[in-house]
Amino acid sequence: MTLTILIWAVASAFIVHDFEEIIVMEGWLKRNEKDILKVLPQRFHNYFIRVFPRHTAGFALAVLIEYIGILIVVIVAMSGEAKDWTLIGILSVVSILFIHSFTHIGQAIILRRYTPGVVTAVLILIPFCLYFYQFALEIEAIDWPMIWISIPVGVILVVFFNQVGLILGKRLERYY
């Protein structure tokens, strides 16, 4: 394994995970939206209804926007010849995917059922992220301070690309 292959694998792990979500989201939401709203704090109901796409096409567009963001980060990491600052971006994606995996597990526990993305979060994302950290630390491409910096950077990246994607995905739904 090389760091180059591992960096490109980040985009692959993300898209496999999101394929699970894309494939099942529309039907799953139709069957479970009432239960989601029961456990979701009231102050988030309007946001969830207004912004979260309900149809496969809208959700897929949201994922595409996130994927474009990840590809940009991968390309920057590759063009930077694995310098610290270029690795922060890809490390941010890995850190957010790792943390995000536990939100899927939490959702499944709270709702007491399968939730879109939980299978690939457990079987692919968590093991992949742990391997990424272990490998990159072992070859000294990253260190612990970089991991800690990557978390807030990742939050900023995910909030931006996620929200832009969700808004555009919801707007797409107006056309059908």
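Presented here is an overview of the structure given in this document.

**Looking at the layout of surface pockets**
Argument step 1. Looking at the largest pocket, its volume works out to about 1,400 Å³.
Argument step 2. Lining the largest pocket are 44 residues, and of these Phe-52, His-100, Thr-103, Gln-107 and Asn-162 lie nearest its centre.
Argument step 3. Counting only elements with at least two residues in the lining of the largest pocket, the list comes to α1 (3-39), α2 (45-51), α3 (56-79), α4 (84-111) and α6 (144-172).
Argument step 4. Take the lining of the largest pocket: its biggest share by element is 12 residues, from α4.
Argument step 5. Residue composition of the lining of the largest pocket, grouped by class: 29 nonpolar, 12 polar and three charged.

**A few points about the environment of Leu-6**
Argument step 1. Within the secondary structure, Leu-6 sits in helix α1.
Argument step 2. Relative accessible area serves as the criterion here: at 2%, Leu-6 is assigned to the buried category.
Argument step 3. Put simply, Leu-6 and Phe-135 are 129 residues apart on the chain and 8.9 Å apart in space, counted from C-alpha to C-alpha.
Argument step 4. Each residue touching Leu-6, except ones within four places of it in the same chain, is listed here: Met-1, Phe-128, Tyr-131, Phe-132 and Phe-135.

**Considering the pattern of salt bridges**
Argument step 1. Throughout the structure, instances matching the rule amount to five salt bridges.
Argument step 2. Between Glu-33 and Arg-54 there is a salt bridge, and its shortest N-O distance comes to 2.7 Å. Here Glu-33, found in helix α1, pairs with Arg-54, found in the loop between α2 and α3; they are 21 residues apart in sequence, far enough to count as distant.
Argument step 3. Given the relative accessible area of 22%, Glu-33 is considered partly exposed.
Argument step 4. The closest approach of N and O atoms between Asp-35 and Lys-38, which form a salt bridge, is 3.6 Å. A residue pair is termed a helical-turn pair when its members lie 3 or 4 positions apart in one helix, as Asp-35 and Lys-38 do in helix α1 at three residues.
Argument step 5. Where salt bridges share partners, they join Asp-35, Lys-38 and Arg-113 into one cluster.

About the cut-offs
- Residues numbered from 1 in each chain as written.
- Predicted model: local features only at pLDDT ≥ 70, side-chain atom pairs only at ≥ 80, totals over all residues.
- Heavy atoms only, no water.
- 1 Å grid on protein atoms, 1.4 Å probe; cavity = no way out; pocket = protein on both sides within 12 Å on 5 of 7 lines; lining within 4 Å.
- Points joined across faces, edges and corners; volume = space filled by probe spheres on them.
- Helix = DSSP H or I, 4+ residues; strand = E, 2+ residues; numbered from the N terminus.
- Nonpolar A, V, L, I, M, F, W, Y, C, P; charged D, E, K, R; others polar.
- Buried < 20%, exposed > 50% of the residue type's maximum accessible area, 1.4 Å probe, protein only.
- Contact = heavy atoms within 4.5 Å.
- Salt bridge = Lys/Arg side-chain N within 4 Å of Asp/Glu carboxyl O.

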